[in-house]
Amino acid sequence: MAIISTAGLARTFQTKHGSVEAVRGIDLTVRQGEILGFLGPNGAGKTTTLRMLTTLLKPTGGAATVAGCDLVRDPAGVRRACGYVAQSGGVDGQIGVREELVTQGRLYRLTKARAQQRAEELAAELDLTGLLDRRTAALSGGQRRRLDIAMALTHRPQVLFLDEPTTGLDPGSRADLWALVRRLRDEHGTTVFLTTHYLDEADALSDRLVIVDRGVVAAEGTPTALKLKYGGSVDATLQDTFLAITGRSAAPADTAPVAV
Amino acid sequence: MLLHDTALIYGRYARQILRSRFALLFGVLMPLLYLLFFGPLLTDLPLGEEGSSWQVLVPGLLLQLGLFGALFAGFMIIVETGQGVVERMRVTPVSRLALLLGRVLRDATVFVFQAVLLVLAALVMGLRAPLAGILIGFAFVALLTVSLASLSYALAMKVRSPQEFGPLVNAVSMPSMLLSGLMLPMSLGPAWLDVLSHFVPFRYLVDAMRDAYTGHYTSVHMLYGVLVAVGMTALSVTVGTRVFRTAGA
Ligand SMILES: Nc1ncnc2c1ncn2[C@@H]1O[C@H](COP(=O)(O)OP(=O)(O)O)[C@@H](O)[C@H]1O
Ligand SMILES: [Mg+2]
């Protein structure tokens, strides 16, 4: 069953220097419980697509449903169904971890007591219990990411959108985050839609890849199928496959750890 | 739900300001300096208005405090946008109006608090005005703050960088202050200046507040002041809420 489906989803920005076609028409479907890697070079339109799918941004063309709710007609339904972690995260450094978690629960209309209880539950689940009374600015990069994800899981969403969740994390924290994503899917059946420009990450974590370039889907399939089709053999590196699809590498070499 | 959400957002930002008590007090420092060093200059000047010079100066200072403070409120949301806090809240079901109201009501509370401190200081220095007039004055400061802070947040969500926001706000605030007679009554100046100032909405607020401070609660000035204050507030809150609903383009 498709939990996300889009048809010709598009967004054009009007700027001082003319219009920018950030997303020119995305067609894709995501099955329930799938981990989807949304891969593409910088500026391909990944963040813009995510912001449309989470109701932050109105599409200028096409349509999409998330958990059966239409983006434009039923934004409230979409908000109930999804959690979103922006690349920048979303917590205030001066505020304590517990306070942010409780406030988030209250924004989802939990009672005060229930919100406090939920904060404890999330902290336990995401290994933040000892950090509840710290200011968020005093967390490490990996801890901050886990807090961002905890915030997005407050209302047990069916779909979790993660925008470049591991950018800037050290290798240990990246591995922890991969384990966390798999666990969310295995234990709760959560569908995870994540963007990345780390090829090894996309390869190791995703059930399926959608590669976008210049605002359209350039290729999609399992990592193995893509390697076979575009890279020439199942042993091709994803790097070569990506190059064959987009004519460019996914990210500047210095920012892309390749070894798994 | 609107009430629940507004209270929640208000609480979040009220706690934020309590964490920086220093900024809270620092905000009153500038008008206090005017009171100390500018107020005594006016004592024996013929200001062409009824009442003492303090009854002319204090309403102007209070509105000036609100004008500058509220117009710069948007800086906070530029920081928050950078941290991703605004988008994080906008993906939750929280009311968009509450995202704005919680913030601007916090701002109004802060400015009314500062206005109370300022009036207390002015009383010590020689201000005498009816209590009802002083309370009406606080209501004007609150409405002015709600309305200007709404516009400031809306603008800040549109421009997104402090480098653009700062100059824009300065370009609005300085002329508005000079043209509305916040410091000295416009009636002292030449006719063209007086006429020009009637195109600046704050002019009507100052006139109304000065009338309140001299006990004229049913004057024409008061009527216009109330109409302008309520009209500005309704318009600004509508604009601000719209931006919170659609922001991101
Ligand atoms: N708010 C905006 N206004 C104007 N242009 C934008 C805006 N957001 C994104 N863009 C442009 O749209 C394109 C796609 O951006 P984005 O979706 O952030 O790409 P990605 O996340 O894949 O790196 C880029 O060229 C970017 O500059
Ligand atoms: Mg991006």
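These figures come from a predicted structure and were not determined experimentally.

Cut-offs and rules
- Once a new chain begins, its residue numbering starts again from 1 and follows that chain's sequence as written.
- The lettering of chains begins at A and the numbering of ligands begins at 1, in the order of writing.
- The model is predicted, so local features are restricted to residues of pLDDT at least 70 and side-chain atom pairs to those at 80 or more, both for listing and for counting; the totals for chains, interfaces and linings are taken over all residues.
- The basis for every side-chain value is the complete set of non-hydrogen atoms in the structure, without hydrogens or water.
- Here a strand is any run of E in DSSP of at least two residues, a helix any run of H or I of at least four, and the numbering for each starts at the N terminus.
- We take the radius of gyration over the C-alpha atoms and set the globule estimate at 2.2 Å times the residue count to the 0.38 power.
- Buried residues are those whose accessible area, probed at 1.4 Å on protein chains only, stays under 20% of the maximum for their type, while exposed residues exceed 50% and partly exposed ones sit between those limits.
- Computed with a 1.4 Å probe, the accessible areas rest on the Shrake-Rupley method; for each residue, only the protein chains presented here act as cover.
- Grid points spaced at 1 Å and placed over the protein atoms alone form the basis of the search, with a cavity being a set where a 1.4 Å probe fits but cannot get out and a pocket an open set showing protein on both sides within 12 Å along at least five of seven lines. Lining residues have an atom within 4 Å of a point.
- Grid points are joined across faces, edges and corners, and a volume is the space filled by probe spheres set on the points.
- When residue character is reported, Ala, Val, Leu, Ile, Met, Phe, Trp, Tyr, Cys and Pro are called nonpolar, Asp, Glu, Lys and Arg charged, and the others, Gly included, polar.
- Either an automatic procedure or a domain database provided the assignment from which the domain bounds are taken.
- Should any heavy atoms of two residues lie within 4.5 Å, those residues are counted as being in contact.
- We define buried area as the total accessible area lost by two parts upon association, computed with a 1.4 Å probe and summed across both.
- Within this document, salt bridges are pairs made up of a side-chain nitrogen of Lys or Arg and a carboxyl oxygen of Asp or Glu, the two lying within 4 Å of each other.
- Here a polar contact means two N or O atoms within 3.5 Å. Within protein one must be a hydrogen donor candidate and the other an acceptor candidate, and residues neighboring in sequence count only if both atoms are side-chain atoms.
- Geometry of aromatic contacts follows a simple scheme: Phe, Tyr and Trp rings, the Trp one being its six-membered ring, pair when their centres are within 6.5 Å, and the pair is stacked under 30 degrees between planes, edge-to-face over 60, tilted otherwise.

A.B. asks: Even after reading the chapter, I still don't get the overall build of chain A, so can you show me in this structure?
C.D. replies: Across its full length, chain A carries 9 helices and 10 strands. For 260 residues, the compact-globule estimate of 2.2 N^0.38 gives 18 Å, and the C-alpha radius of gyration of chain A, at 18 Å, lies within 12% of that figure. Seen through its principal axes, chain A has C-alpha atoms that stretch 55 × 40 × 40 Å. Looking at chain A residue by residue over its 260 residues, the buried ones come to 55%. Split by element, the accessible area of chain A, about 10,700 Å² in all, is 50% carbon and sulfur.

A.B. asks: Where do I start with the layout of surface pockets in this structure?
C.D. replies: To find the voids left in a structure, one rolls a probe of water-molecule size over its atoms. Residue and element names in this part refer to chain B. Roughly 590 Å³ of internal volume is contained in the largest pocket. If you go around the largest pocket, you meet 23 residues; those closest to its centre are Ile 17, Ala 23, Gly 69, Phe 72 and Phe 111. Among the elements of the structure, helix H1 (2-19), helix H2 (21-37), helix H4 (53-71), helix H5 (74-83) and helix H7 (96-125) are those that each provide at least two residues to the lining of the largest pocket. The element contributing the most residues to the lining of the largest pocket is H2, with 7 residues. When its residues are assigned to classes, the lining of the largest pocket shows 16 nonpolar, 5 polar and 2 charged.

A.B. asks: Please explain the domain arrangement of chain A as it appears in this structure.
C.D. replies: For interface size, the figure often reported is the accessible area lost on association. Residue and element names in this part refer to chain A. Taken as a whole, chain A is organised into domain 1 (1-46 + 56-67 + 174-252) and domain 2 (89-157). The centre of domain 1, based on its C-alpha atoms, is set 28 Å off from the matching centre of domain 2. With 6 residues of domain 1 in contact, the opposing surface of domain 2 contributes 6 residues. Across the domain 1/domain 2 interface, buried area totals approximately 530 Å², and carbon plus sulfur atoms make up 66% of it. If you sort the residues of domain 1 by the area they bury against domain 2, Leu 177, Leu 180 and Leu 184 come out on top, with a joint share of 57%.

A.B. asks: What is the right way to look at the interface of chain A and chain B in this model?
C.D. replies: Across the boundary between the two partners, chain A contributes 26 residues, which contact 28 residues of chain B. Counting each side, the surface lost to burial between chain A and chain B is near 2,500 Å², with a carbon and sulfur contribution of 48%. Three residues, Leu 56, Leu 107 and Arg 109 of chain A, lead the burial of chain A against chain B; their summed loss comes to 28% of the area buried on that side. Inspection of the chain A/chain B interface yields 6 salt bridges. In this structure, Glu 87 of chain B engages Arg 51 of chain A in a salt bridge whose closest nitrogen and oxygen atoms are separated by 2.7 Å. Along the contact surface separating chain A from chain B lie 8 residue pairs in polar contact (both at pLDDT 80 or more). Examining the composition of the side of chain A that touches chain B, we find that 6 residues originate from one element, helix H3 (residues 97-107) of chain A, more than from any other. In the side of chain A that touches chain B, the residues fall into 9 nonpolar, 8 polar and 9 charged.

A.B. asks: What's the story with empty space enclosed by the protein in this structure? I'm lost.
C.D. replies: In this structure the tally under the stated criterion is 3 cavities of 30 Å³ or more. Each pocket or cavity is described by its volume, and for the largest cavity that value is around 130 Å³. Along the walls of the largest cavity sit 18 residues, with Tyr 84, Val 85, Asp 148 and Ala 152 of chain A together with Arg 88 of chain B positioned nearest its centre. When residues of the lining of the largest cavity are traced back to their parent elements, those giving at least two are strand S6 (82-85) and helix H5 (141-152) of chain A together with helix H6 (85-90) of chain B. With 4 residues, the single largest contributor to the lining of the largest cavity is S6 of chain A. The residue makeup of the lining of the largest cavity, split by class, is 9 nonpolar, 6 polar and 3 charged.

A.B. asks: Any chance you could explain the packing of aromatic side chains here in plain terms?
C.D. replies: Two descriptors summarise a pair of aromatic rings, namely the distance from one centre to the other and the angle between the planes of the rings. Residue and element names in this part refer to chain A. Taken as a whole and judged by the stated rule, the model has 5 aromatic pairs over all chains. Geometrically, the ring pair formed by Phe 38 and Phe 193 is tilted, given 5.1 Å between the ring centres and 55° between the ring planes. In this pair, Phe 38 is assigned in strand S3 (residues 35-39) and Phe 193 in strand S8 (residues 191-196), connecting sequence segments 155 residues apart. Under the relative-accessibility criterion, Phe 38 is labelled buried at 0%. Linked through ring pairs, Phe 38, Phe 161 and Phe 193 together constitute an aromatic cluster.

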